[in-house]
Amino acid sequence: MPLARSLSMTSLNGLPQWEDEDLPVEDLLLFEVSWEVTNKVGGIYTVIQTKARTTADEWGENYFLVGPYFEHNVKTQVEACEPPNPAVKKAMDTMKSQGCQVFFGRWLIEGSPYVLLFDIGSAACNLDRWKGEFWDVSNIGIPFHDREANDAVIFGSLTAWFLKEFDDKPNIIAHFHEWQAGVGLILSRSQKLPVATIFTTHATLLGRYLCAASIDFYNNLDQFDIDKEAGERQIYHRYCMERASVHCAHVFTTVSQITAIEAEHMLKRNPDVVTPNGLNIKKFSAMHEFQNLHSMYKARIQEFIRGHFYGHLDFSLEKTLFFFIAGRYEFSNKGADMFLEALSRLNFLLRVHKTDVTVVVFFIMPAKTNNFNVETLKGQAVRKQLCELRRHVLCCLCRGEIPDLNKILDRDDITIMKRAIFSTQRHCLPPVTTHNMIDDGNDPILNTIRRIGLFNNRTDRVKVILHPEFLSSTSPLLPLDYEEFVRGCHLGVFPSYYEPWGYTPAECTVMGIPSVTTNLSGFGCFMQEHVADPAAYGIYIVDRRFRSPDESCNQLTQFLYGFCQQSRRQRIIQRNRTERLSDLLDWRYLGRYYMHARHLALSRTFPDKFEMEPSAPLKTEGFRYPRPSSVPPSPSVSQHSSPHHSEGEDEDEDERYDEEEEAKRDRQNIKSPFSLGVLPQGKKKQHGEYRN
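Rules used throughout
- Residues numbered from 1 in each chain as written.
- Predicted model: local features only at pLDDT ≥ 70, side-chain atom pairs only at ≥ 80, totals over all residues.
- Heavy atoms only, no water.
- pLDDT = per-residue confidence, 0-100.
- Contact = heavy atoms within 4.5 Å.
- Pairing = 2+ DSSP bridges.
- Helix = DSSP H or I, 4+ residues; strand = E, 2+ residues; numbered from the N terminus.
- Axes fitted to C-alpha atoms, helices over the stretch in contact; angles between N-to-C directions.
- Core = buried A, V, L, I, M, F, W, Y, C linked by side-chain atoms within 4.5 Å.
- Buried < 20%, exposed > 50% of the residue type's maximum accessible area, 1.4 Å probe, protein only.

Enquirer: With reference to specific residues and values, describe the confidence of the model for the protein chain.
Expert: When pLDDT is averaged along the protein chain, the result is 85, and 81% of the positions lie at 70 or above. Contacts of residues 633-655 to residues separated by more than four positions or lying in other chains number 40 contacts, the stretch itself having pLDDT below 50. Overall, residues 669-692 carries pLDDT values under 50, and its contacts beyond four positions in sequence, including any with other chains, amount to 75 contacts.

Enquirer: Give a detailed account of the sheet that holds strand β10 (residues 320-326), specifying residues and quantitative values.
Expert: The strand order across the open sheet built from six strands is β14-β11-β10-β15-β16-β17, with neighbouring strands paired in parallel fashion. For this open sheet the edge positions go to β14 (462-467) and β17 (539-542), each flanked by a neighbour on one side alone. Geometrically, the sheet is characterised by an average inter-axis angle of 25 degrees between neighbouring strands, direction not taken into account. With six bridges connecting them, strand β11 (residues 358-364) and β14 associate as parallel partners.

Enquirer: Kindly report on the nonpolar core, identifying the contributing residues and their values.
Expert: Judged by nonpolar contacts, the single largest core of 73 residues is most densely connected at F31, V88, F118, L158, F162, F217 and M266. Among the elements that line this core, the one with the most residues is helix α5 (residues 147-164), at 10 residues. In this view, M266 contacts T204, L206, G207, L210, F217, L221, F224, I226 and Y239; residues no more than four positions away in its chain are not counted. Grouped together as the second largest cluster of nonpolar side chains are 68 residues, Y297, F323, L346 and C553 included.

Enquirer: Describe unusual backbone geometry, listing the residues and the values that go with them.
Expert: The phi dihedral of N139 is positive, around 60 degrees, even though this residue is not glycine. Take N139: its relative accessible area is 56%, and that puts it in the exposed class. In this structure, K192 takes a positive phi of about 55 degrees despite not being glycine. Tracing the sequence through the fold places K192 in the loop between α6 (182-190) and β7 (195-201). Look at K192 and you get exposed, because its relative accessible area is 73%.

Rendered as structure tokens:
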């Protein structure tokens, strides 16, 4: 079957055309190795799954993903088939003949890539021997009680064994993700296999542990005793596996500039290439379609709000903004602590200026719960009961009749109305959580809400709702999937302290929803590099690196307050701009970084066959989106002196703003190239960084 070589940058509006020097992929095999192939554990699964289509388009039948075999995953995600490549089939047969179970098939995701899965259990009898061999080549001992590390040894040994079964042709590139796959890289290099190796760390192991302990991480990067810190946390062997993988690889990559700085100090090697994470972008044929989706799903959220705040719905839903934060429940790392403090200050500002804008904030962070909150369920039941009365009026109108109260409402209907009105007279405040928390006395979000006093009082202009479960369209409370919910909100807020990349603000961007991020997240650093004025495009970047905690919190508060001051027309303009940035996050654009890493690995492994000047810059053209020239240029600049402004402003904006014209200028007004991800050698930590 001919290889599919359909990768083209020209399909991306406004992005420069680019092609890597053609690699003879017909004579190469690419294996991408990760513990999260068909096995969702964290964010690496999303990276591999979304990138598969672009890589499969480039490499065709010569691209294979390698991971562990888990029966429950394979049954629902993989279609079994025979290997199309004779060399792959031969290596599999050799391993099967010696008792190892190897599964081959197509992963049922976009791109349908081939997957090669090793059954860890079938090879567990070799664990002691393989641990001994690993000790001989690396002097790294694996404790018997660390099951994850032991599984990594089995998985890595099987991977190295598989790669060893190939002859000199075809040439092989093996790309390993994270320390769980690193053993295979270390063994491949120790056995001098003719394989070009790449290692990618998505977040350093020790960095995660240190930030989880609320340590002043970025301000002390060059002061940590790495061995001591890893030993105290009983992960020294894992850290050694990760560091050995980094130093054995021909090419070392990370996912962001901020992680590159972290890796320099934690792992003692500068990354060769920074490979940002992307998404598969599906463009709408008409520009206004994503705006229609926003209106549709906003109405669904408003229905939930009517029920949740029954009896206290004394604010206009048409003047209500929906903010949210979502992700793992890491109170400090995800910035929930700073967000809550900023909400308290925002509430004060909105009350002082006597604005009629109300902000409802959702915290979508899974935690341990007993069940739904009874008061929340009651509110949705009351709302549904009142909605039944609408149907009488609707049926009458559909018959072409003007509703007559004496006819469409009988005595029973009036009784139901009176009961519903009485039931809305609640004697308690709307709950701040939709579920009964198992240990609410020690829950950091609830404790902070108690401290700052955001209890959803009538006088509060900021209302808070903690939803400690992942969203689902089958939920009896908020029947929306995550994507639908995001589209219905106005602003995503992610003021993270430790975020190697940050898929949540990236997902907001591709859906045309403005978001708040920080310069300590990979996404924030990426946008600062690519966009001249990120705030004008709906990407608000909080400085958590060079400001004190209080200054950062004040900056976040100003971002939120400025957003509340925008008119509806300004928000529509900003969503249009935000959605245009989605091209930046498309794998069809970001895949070039991985192409460069693979070419660099081949040139270092097989210098006689593949040439690349070591000092040459990447053969890609970078660009920066310029600051929009239309008015209003950005909410932070165009905000009013008070929340109340004249209706005439909206009409004036309509005359001066042309979406198509501005998009055309963005595509033509590309700035000069910039460095595409190669971290300068010897780059040191900048002083003056704050832990906040």
